Amino acid sequence: MGARRDGTLALVSLLAFVTAVALVDASLSPPALALGGIGTVAFELLATRDSDLVRRHWERPAVQGIALAAAVGVAAVGARVAPSLVLSAGIGALVAYLVVLASVLGAASVGRS
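So, a few notes on the structure that sits alongside this text. (Residues numbered from 1 in each chain as written. Predicted model: local features only at pLDDT ≥ 70, side-chain atom pairs only at ≥ 80, totals over all residues. Heavy atoms only, no water.)

Structural notes on the layout of surface pockets
So, point 1. There is about 980 Å³ of room inside the largest pocket.
So, point 2. Considering the residues around the largest pocket, the lining is formed by 30 residues, among which Asp-6, Phe-43, Glu-44, Trp-58 and Tyr-97 are closest to the centre.
So, point 3. Going through the elements one at a time, helix H1 (2-24), helix H2 (30-47), helix H3 (51-58), helix H4 (61-81) and helix H5 (83-112) are the ones with two or more residues in the lining of the largest pocket.
So, point 4. Residue contributions to the lining of the largest pocket peak at nine residues, all from H5.
So, point 5. Each residue belonging to the lining of the largest pocket can be placed in one class, and the counts come to 20 nonpolar, seven polar and three charged. (1 Å grid on protein atoms, 1.4 Å probe; cavity = no way out; pocket = protein on both sides within 12 Å on 5 of 7 lines; lining within 4 Å. Points joined across faces, edges and corners; volume = space filled by probe spheres on them. Helix = DSSP H or I, 4+ residues; strand = E, 2+ residues; numbered from the N terminus. Nonpolar A, V, L, I, M, F, W, Y, C, P; charged D, E, K, R; others polar.)

Shown next, in the form of structure tokens:
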């Protein structure tokens, strides 16, 4: 259930960023996309150091709601302030997160078979 919810929250956030790109007709910045992806991978690697603590905090509905609201807020503000950089970094971060999530779930399913 947790992975499904995590993926859904990431997809909703990604939808906010992609919608913002379309609304302001922003061009995507490859360096910012890469920076967002690298940031996500770095965070996930750091989070594995104490994954139980991270999971306990993340499982709180208030934390998830605040994170989703923050993502939508960043997309909205970024669309007005620096659309190419902010929206690209957000999209890069969210796509990387979805890839990491899919990889972890794929590895877990291989380990079970």
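On we go.
Things to note about the side chain of Gln-64
So, point 1. Considering the arrangement of structural elements, one finds Gln-64 in helix H4.
So, point 2. With a relative accessible area of 8%, Gln-64 lands in the buried category.
So, point 3. A polar side-chain atom of Gln-64 sits 2.9 Å from the main-chain carbonyl oxygen of Trp-58. (Buried < 20%, exposed > 50% of the residue type's maximum accessible area, 1.4 Å probe, protein only. Polar contact = N/O pair within 3.5 Å; in protein donor to acceptor, adjacent residues only side chain to side chain.)

Concerning the pattern of salt bridges
Side-chain pairing between opposite charges can occur once the charged atoms of the two side chains come close.
So, point 1. The tally for this structure, following the rule as stated, stands at three salt bridges.
So, point 2. As a salt-bridge pair, Glu-59 and Arg-5 come within 2.7 Å of each other at their nearest N and O atoms. Of the two residues, Glu-59 is situated in the loop between H3 and H4 and Arg-5 in helix H1; the sequence distance between them amounts to 54 residues.
So, point 3. A salt bridge links Glu-59 to Arg-55; the shortest N-O distance between them is 2.7 Å.
So, point 4. When its relative accessible area of 33% is taken as the criterion, Glu-59 is described as partly exposed.
So, point 5. On the accessibility criterion, Arg-55 (35% relative accessible area) is partly exposed. (Salt bridge = Lys/Arg side-chain N within 4 Å of Asp/Glu carboxyl O.)

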